[in-house]
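Structure at a glance
Residue-level listing of the chains:
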Amino acid sequence: LTVQAITLPPDAPPLFDSLKNLNWEKGSFNNPFAIYQRTYLARTENLISNLFMDYQLMTGLHIKSNFGYTNIKLHETSLDPVTSFNPAYGYTSGYAFFADNTAQTWVIEPQLEYSFQAKKNRLSILAGASFQNSLNQGKGFVATGFTSDLLLSDIGAATSIRQQGNVYALYR
């Protein structure tokens, strides 16, 4: 907004008409307040957990394990009503973007440790492994052709829906 407001000529038309609607001056300039008619919502859910266990089987011998789990979800919605576009561009409908993304990881790290001390010397032997899984997936959709800006949040009200982005990444 700042760049657009600063670069407006000093004799720019009023930003709003008498009905408090954005003034586009018959498409002759881009109204810097158009961005305020657009909405963006991001909702996240995060679950991060970790568990460490240690059990002494006998003197000097321990079995240990670390367990971790993460689940992150992101749901995004961006709504751009037709009233936020300069009429000179010819848009007949607003558009909406919907996206859902998930990142899920787990890790298991078992260990077996043996240690003993003889006089001033101490010896420790550690054996372990790491098992992990990471899955990232998500999809995004652009919806257009709404009969009213009031329907932008309903993807089913769009006459055109196209997928924009598809992510699937698995790591083991």
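Everything quoted here is computed from the prediction, not taken from an experiment. (Residues numbered from 1 in each chain as written. Predicted model: local features only at pLDDT ≥ 70, side-chain atom pairs only at ≥ 80, totals over all residues. Heavy atoms only, no water.)

1. Thoughts on the overall build of the protein
Scanning the protein from N- to C-terminus turns up one helix and six strands. For 172 residues, the compact-globule estimate of 2.2 N^0.38 gives 16 Å, and the C-alpha radius of gyration of the protein, at 29 Å, exceeds that figure by more than 25%. For the protein, the spread of C-alpha atoms along the three principal axes comes to 90 × 40 × 20 Å. Among the 172 residues that make up the protein, the fraction classed as buried is 24%. (Helix = DSSP H or I, 4+ residues; strand = E, 2+ residues; numbered from the N terminus. Rg over C-alpha atoms; globule rule 2.2 N^0.38 Å. Buried < 20%, exposed > 50% of the residue type's maximum accessible area, 1.4 Å probe, protein only.)

2. Section: the nonpolar core
Considering soluble globular proteins, one finds that nonpolar side chains tend to be buried as a cluster. Listed in full, the seven residues of the largest apolar core are Leu79, Ala96, Phe98, Ala143, Phe146, Leu152 and Ala158. With near-sequence residues (within four places) excluded, Leu79 lies in contact with Arg38, Thr39, Tyr95, Ala96, Leu152 and Ser153. (Core = buried A, V, L, I, M, F, W, Y, C linked by side-chain atoms within 4.5 Å. Contact = heavy atoms within 4.5 Å.)

3. Quick word on unusual backbone geometry
With phi around 70°, Lys20 is a residue other than glycine that occupies positive phi space. Checked against the element boundaries, Lys20 lands in the loop between helix H1 (2-7) and strand S1 (39-58). Positive phi outside glycine occurs at Lys119, with the angle close to 55°. Its place among the elements puts Lys119 in the loop between strand S3 (95-118) and strand S4 (121-128).

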